[in-house]
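# Residue-level structure breakdown
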Amino acid sequence: MAPVAMRTAAESIAGARPVAYWLDDPAKPEALDALTGDEHCDLLVVGGGYSGLWTALLAKERDPGRDVVLIEGNEVGWAASGRNGGFCAASLTHGLANGLERWPEEIGTLEELGARNLDAIEEAVARYRIDCAFERTGEIDVATQPHQLEELREWHAEIQRLGITGVDFLDRDAVRAEVDSPTFLGGLWDRRGVAMLNPAKLAWGLKRACLDLGVRIHEHTRGLDLVRSGGGMAVRTPYGRVFARRVALGTNVFPSLVRRVRPYTVPVYDYALMTEPLTPGQLDSIGWKHRQGLGDSANQFHYFRISPDNRILWGGYDAIYPYGGRLSADLDQRPETFLKLAGQFFECFPQLSGLNFSHAWGGAIDTCSRFTSFFGTAHQGRVAYAAGYTGLGVGSTRFGADVMLDLLAGEETERTRLEMVRSKPMPFPPEPLAWAGIEITKRSLARADSNGGRRNLWLKAMDRLGLGFDS
């Protein structure tokens, strides 16, 4: 980055608040009391993000008489569920390409289940009157390099061959008529498969809906260990215990209470900026009247969207794996990444020079080696878990909640028959191999981005093994 550009980028983030924009909201609900003493219930849900909230809500919808308790170590929605980009995708497989590569014989079913799942989220938002700015505007994948444009053309032809509708190819003029950046060469617009929403307000709305249905929620109540107790399970917390017939674990990036699950996920830190509201003149300079989400097509990609109050969220690119899988609030702030993101923002939108960023934040994504969720049970079917959503959990956690409830009920369903549900990803190796492998992969991906998309021998080997690294 040139010195002048670096100074401009630095000035733009100098006053940014070090907190997730979505969570920096006076509408945030008061925290509920921590659990003290012993509780008994039919179903205990561990984790107060989307995974746990959907599980508790769907459990009550399936059986209103079921006694459900949810415990959350911090506050509902405070982690990945409240600090993501606000993209809610229909895909259950981290994109069609990933699903087609891994489960080609099931891809039609997976796509149909994903579409039905997104429809169900939209219906639940309306039925429970969740004010989360849900907008089914779709998403455009944009090409910013010639090789990416050719790849998008080829992928669009493959989508058409598969009989998938609602995805349009946009040439340079068409994509710039939607959102005007001199870097855009073309794009693919998925018109119905992605919605925009306020992620924190979705979590808070699900919390209220759970309470209204009779779920007992305890915040600041961390699950410390999980043991058998009679015909059920017991989870110890700092000030008490919960005895439950069944347990659903929605802890995702945090260490699972089922220890054998831990090697299957690693935390990857992702970062984002939010601008101040754009003026009418600034809005006119970029267009964006249809309010789609956008993402570029590089390996190290950016995702960006416009908020209801006309701010631009700009995130991605860096995906940071801390050695040993360390989780720490200190890692939520990374000035060197914020500076890089700000400079890249003004390269994309030079007409917005002078705009400042109001918020800068990061957070950990639960990543697995196949980039999409995996499932299982423990303790002879008394415990179910889902994890590994790799950044697309805003929508797919609802599907994962249904899978966990099916597994706990011992039911064979359309979901539990899926090879995706019955199989596991490859676990990550111990350190230092995990860190070394991830670092080599990241550097190889960056080299491919600058080399016309050509993948080196390392990436080709990872492709053959079904492994990789993604933000």
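Fair warning: this is a prediction, and the values are worked out from it, not measured in the lab.

This brings us to the overall build of the protein. For the protein, the helix and strand inventory stands at 13 helices and 18 strands. Here the C-alpha atoms of the protein give a radius of gyration of 22 Å, agreeing with the 23 Å that 2.2 N^0.38 yields for 471 residues. Judged by the C-alpha coordinates and their principal axes, the protein covers about 65 × 45 × 45 Å. When the 471 residues of the protein are sorted by exposure, 57% land in the buried category. Pairs at least 24 residues apart make up 76% of the contacts formed inside the protein by residues separated by at least 6 positions. Summed over its atoms, the accessible surface of the protein is roughly 19600 Å², and 52% of this surface lies on carbon and sulfur atoms. The protein carries 52 positive and 60 negative side-chain charges, and their two centres are separated by 5 Å.

Attention now moves to the sheet that holds strand β14 (residues 302-306). Read from one edge of the open sheet, eight strands run β5-β6-β4-β13-β14-β15-β12-β16, paired in mixed fashion. Each having just a single partner strand, β5 (167-170) and β16 (357-367) make up the two edges of the open sheet. Neighbour to neighbour, the strand axes of the sheet diverge by 20° on average, direction disregarded. By the bridge criterion, four bridges tie β5 to strand β6 (residues 186-190) in an arrangement that is antiparallel. Looking across to β6, one finds that V167 is bridged to D190.

Counting through the fold element by element, Q282 comes out in helix α8 (residues 280-286). In contact with Q282, not counting residues within four places along its chain, are P277, L352 and L355.

Quick look at the nonpolar core now. The tendency in soluble globular proteins is for nonpolar side chains to be buried side by side. L43, W54, F134, L202, L206 and F375 are the most contacted members of the largest nonpolar core, which has 50 residues in total. With near-sequence residues (within four places) excluded, F375 lies in contact with Y385, A386, Y389, F399, G400, V403, L407, M420, V421 and K424.

Okay, the packing of helix α2 (residues 50-62) against helix α10 (residues 393-409) next. Across the interface, α2 lies against α10 with an axial gap of 8 Å and an inter-helix angle of 50°. As judged from the angle between their axes, α2 and α10 are oblique. The way α2 lies across α10 gives a crossing that is right-handed. Touching Y50, S51, W54, T55, L58, A59 and R62 of α2 are G393, V394, T397, R398, A401, D402, M404, L405 and D406, all from α10. Tallied by class, the residues present in the contact of α2 with α10 amount to eight nonpolar, four polar and four charged.

Most of strand β11 (residues 240-249) is tucked away, with seven of its ten residues classed as buried. Here strand β1 (residues 37-46) pairs with β11 via nine bridges, running parallel. In the strand pairing of β11, L44 is matched with V247. Note that strand β10 (residues 232-237) and β11 share five bridges and pair antiparallel. In the sheet register, T237 faces β11, and the bridge partner there is G240. The antiparallel hairpin formed by β10 and β11 contains two residues in its connecting segment. By the bridge criterion, three bridges tie β11 to strand β18 (residues 383-387) in an arrangement that is parallel. By the bridge assignment for β18, V247 is matched with V383.

Scanning the entire structure with this criterion turns up 34 salt bridges. The salt bridge involving R127 is made with E123; its shortest N-O contact spans 2.7 Å. Here E123 and R127 lie together in helix α4 (residues 107-127), a separation of four residues that amounts to about one turn. Given a relative accessible area of 40%, R127 falls into the partly exposed group. Take E123: its relative accessible area is 40%, and that puts it in the partly exposed class. The closest approach of N and O atoms between D225 and R236, which form a salt bridge, is 2.9 Å.

Counted at 1.5 Å a residue, the expected span for helix α12 (residues 433-449) with its 17 residues is 24 Å, and the 24 Å between its end C-alpha atoms agrees. Among all positions in α12, only A434, G437, I438, E439, T441, K442, S444, L445, A448 and D449 are buried. Those residues of α12 hidden inside the fold are in contact with α5 (146-161), β12 (266-275) and α13 (457-465).

On the secondary structure map, S358 appears in strand β16. Given the relative accessible area of 13%, S358 is considered buried. Here the alpha-carbon distance between S358 and P18, two residues 340 residues apart in the chain, equals 8.9 Å. Aside from chain neighbours lying at most four places away, what touches S358 is G15, A16, R17, M274, T275, E276 and R311. One polar contact links S358 to R311, side chain to side chain, over a distance of 2.9 Å.

Note on placement: I107 falls in helix α4. Residues I107 and A97, ten residues apart in the sequence, show an inter-C-alpha distance of 9.7 Å. Those residues in contact with I107, other than ones at most four positions away along the chain, are L96, G99 and L100.

Conventions and cut-offs
Residues numbered from 1 in each chain as written. Predicted model: local features only at pLDDT ≥ 70, side-chain atom pairs only at ≥ 80, totals over all residues. Heavy atoms only, no water. Helix = DSSP H or I, 4+ residues; strand = E, 2+ residues; numbered from the N terminus. Rg over C-alpha atoms; globule rule 2.2 N^0.38 Å. Buried < 20%, exposed > 50% of the residue type's maximum accessible area, 1.4 Å probe, protein only. Contact = heavy atoms within 4.5 Å. Areas by Shrake-Rupley, 256 points an atom, 1.4 Å probe, with all protein chains shown as cover. Lys, Arg positive; Asp, Glu negative; His and termini not counted. Charge placed at Lys NZ, Arg CZ, Asp CG, Glu CD. Pairing = 2+ DSSP bridges. Axes fitted to C-alpha atoms, helices over the stretch in contact; angles between N-to-C directions. Core = buried A, V, L, I, M, F, W, Y, C linked by side-chain atoms within 4.5 Å. Parallel < 35°, antiparallel > 145°, perpendicular 65-115°, else oblique. Left-handed = near helix turned anticlockwise from the far one by under 90°. Nonpolar A, V, L, I, M, F, W, Y, C, P; charged D, E, K, R; others polar. Salt bridge = Lys/Arg side-chain N within 4 Å of Asp/Glu carboxyl O. Expected span 1.5 Å × (residues − 1). Polar contact = N/O pair within 3.5 Å; in protein donor to acceptor, adjacent residues only side chain to side chain.

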